[in-house]
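Overview (structure and organization)
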Amino acid sequence: MRIARFAGEDDPRFGVIGDDNGVPTIAVLNGDPLYAGLNLSGQKIPLADVRLLAPVIPRSKVVCVGRNYAKHAAELGGEVPDEPLIFLKPNTSVIGPGEPIFYPEQSEDVHYEGELAVVIGRICRDISAADAAKVIFGYTIGNDVTARDLQNKDGQWTRAKGFDTFCPLGPWIETDFDPSDVAISTRLGDDVKQDARTSDMVFTVPAIVEYVSSFMTLLPGDVILTGTPDGVGPMQVGDEVSVTIEGIGTLTNSVVSRD
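It should be emphasised that the depicted structure is a prediction, and the values quoted were computed from it without experimental measurement. Each chain carries its own residue numbering, running from 1 in the direction its sequence is written. In view of the model being predicted, local features appear only for residues whose pLDDT reaches at least 70, and side-chain atom pairs are presented and counted only at 80 or more, with totals across whole chains, interfaces and linings using the full set of residues. To get the side-chain values, all heavy atoms of the structure are used, and hydrogens and water are removed first.

It is worth spelling out the sheet that holds strand 19 (residues 240-245) at this point. Spatial strand order, 9-20-19-15-16: five strands in an open sheet with mixed pairing. In the strand order of this sheet, the two ends are held by strand 9 (101-103) and strand 16 (191-197), each with one partner. The average angle at which neighbouring strand axes cross in this sheet is 20 degrees, direction not considered. Any two strands are treated as partners once DSSP identifies two or more bridges connecting them. Helix numbers and strand numbers start at the N terminus; a helix is a DSSP run of H or I with at least 4 residues, a strand a run of E with at least 2. Across five bridges, the pairing between strand 15 (residues 183-188) and strand 19 is antiparallel. When the sheet's bridge partners are listed, Leu188 is paired in strand 19 with Val241. Between N-to-C directions, angles cover 0 to 180 degrees, with each direction set by a line fitted to C-alpha atoms, over the stretch in contact for helices.

This is the structure in structure tokens:
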């Protein structure tokens, strides 16, 4: 099931992506499905008549995993960690599909990083890998946009990863999804820059949930970005970047000047 958050004539709402006699539609839900469940309102809207938003706005945090693909660690000159390397992005960095990524004036080297994103569905702490699926609401696509020069300059990653618009998410949440071995790719314009499979991850999704929840309470709507494959590189103002994950879809954003 694909659950989207969208804007129409009213305030943002949620709905289930479907098909009505060959016309892509969105069946409107009553309330936020993370809290109200899948409560259909009975209203259907053609998908072409709405604007998709980030499918979730994390209530507290975006948890990220660094160097979770061996080839990516190598391309940045780093070692594969013995445990998941964790950092955070603020929820103010989240934008949705089609929204612009602002190129900050503080940086001259902003990179794309296409990633599988996990959406947490319930309050949890100390969850075993075997039970991880019980606390996962679904999966979406993320782009861990990074000011690489600031990352290297600062010696820690908060500023480089935390700018407004540096966490595109979307286009929807897929609830029926096996993350263990699917294709993930990133295109810059028409050029494929990243091309891998989630089976290349050093730490699996269940292992990541277990590790993060061992020291941090996860809340409904929290997002975990699971790491990026090799092939990261710079974006420029005017570029369009698209991240595609098999079984979910494609997340596309343009890069614009912050001025």
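What follows is about the nonpolar core. Side-chain atoms within 4.5 Å link the members of a nonpolar core, which is a set of buried Ala, Val, Leu, Ile, Met, Phe, Trp, Tyr and Cys residues. Here's how the labels work: a residue is buried when its accessible area is under 20% of the maximum for its type, exposed when over 50%, partly exposed in between, all with a 1.4 Å probe on protein chains only. If you look at the biggest cluster of nonpolar residues, it comprises 40 residues, and the most contacted ones within it are Ile26, Leu116, Tyr139, Val209, Ile224, Ile245 and Ile248. Elements with a contribution of two residues or more to this core: strand 1 (2-7), strand 3 (23-29), strand 6 (62-66), strand 11 (114-120), strand 12 (136-143), helix 5 (205-213) and strand 19. When residues in this core are grouped by element, the largest group, four residues, is from helix 5. If you look at the next biggest cluster of nonpolar residues, it comprises 19 residues, including Val62, Cys64, Phe87 and Val119.

A separate point is the environment of Ser185. Positionally, Ser185 belongs in strand 15. Contact criterion: two residues are considered in contact whenever any of their non-hydrogen atoms come within 4.5 Å of each other. If we skip the residues at most four places from it in the chain, Ser185 touches Gln194, Asp195, Ser242, Val243 and Thr244.

Another aspect to go through is the sheet that holds strand 18 (residues 233-235). Spatially, three strands are ordered 13-10-18 in an open sheet, and the strand pairing comes out antiparallel. The open sheet is flanked by strand 13 (146-147) and strand 18, the only strands paired with a single partner. When strand 10 (residues 110-112) meets strand 13, the two strands line up antiparallel, connected through two bridges. When the bridges of strand 13 are listed, His111 appears paired with Thr146.

Turning our eyes to something else, we now look at the pairing of strand 11. Counting buried positions over the seven residues of strand 11 gives seven, a clear majority of the element. Across the two faces of strand 11 the burial is the same, with Gly114, Leu116, Val118 and Ile120 and Glu115, Ala117 and Val119 all buried. Of the strand pairs in this sheet, strand 11 and strand 12 are connected by seven bridges, and their pairing is antiparallel. In the sheet register, Ile120 faces strand 12, and the bridge partner there is Ile136. For strand 11 and strand 17 (residues 223-225), the ladder comprises three bridges, and the chain directions are antiparallel. Note on strand 17: the bridge partner recorded for Val119 is Val223.

Whenever a pair of cysteine sulfur atoms sits within 2.5 Å, that pair is classed as a disulfide. Scanning all chains against the criterion turns up zero disulfides. No disulfide involves Cys64; its sulfur sits 6.3 Å from the nearest other cysteine sulfur, which is in Cys167. Accessibility expressed as a relative area gives 0% for Cys64, which makes it buried. For Cys167, a relative accessible area of 0% puts it in the buried group.

Here we take up the environment of Arg122. Along the chain, the position of Arg122 falls in the loop between strand 11 and strand 12. Placed 45 residues apart in sequence, Arg122 and Gly77 show a C-alpha to C-alpha distance of 37 Å. Once residues lying within four places of it in the same chain are set aside, the contact partners of Arg122 are Lys134, Val135, Leu218, Leu219 and Pro220.

Quick look at empty space enclosed by the protein now. The rule is simple: put a 1 Å grid over the protein atoms alone, call a set of points where a 1.4 Å probe fits but cannot get out a cavity, call an open set with protein on both sides within 12 Å along at least five of seven lines a pocket, and count a residue as lining if it has an atom within 4 Å of a point. Grid points are joined across faces, edges and corners, and a volume is the space filled by probe spheres set on the points. Scanning the model with the defined rule gives one cavity of 30 Å³ or more in all. The volume enclosed by the largest cavity comes to roughly 40 Å³. In this structure, the largest cavity is lined by Ile3, Phe14, Asp32, Pro33, Leu34, Pro55, Val56, Phe137 and Ile173. Think of it as three bins: nonpolar holds Ala, Val, Leu, Ile, Met, Phe, Trp, Tyr, Cys and Pro, charged holds Asp, Glu, Lys and Arg, and polar takes everything else, Gly as well. Taken together, the residues that form the lining of the largest cavity break down as eight nonpolar, no polar and one charged.

A pair of Phe, Tyr and Trp rings is counted when the ring centres sit within 6.5 Å of each other, with Trp represented by its six-membered ring. The angle between the planes then sorts it: under 30 degrees is stacked, over 60 is edge-to-face, the rest tilted. Tallied over the full model, the rule gives four aromatic pairs. Ring plane angle 75 degrees and centroid distance 4.9 Å describe the contact between Phe87 and Trp157, whose orientation is recorded as edge-to-face. Linking Phe87 in strand 7 (residues 85-89) with Trp157 in the loop between helix 3 (148-154) and helix 4 (158-162), this pair joins segments that are 70 residues apart in sequence. Accessibility expressed as a relative area gives 11% for Phe87, which makes it buried.

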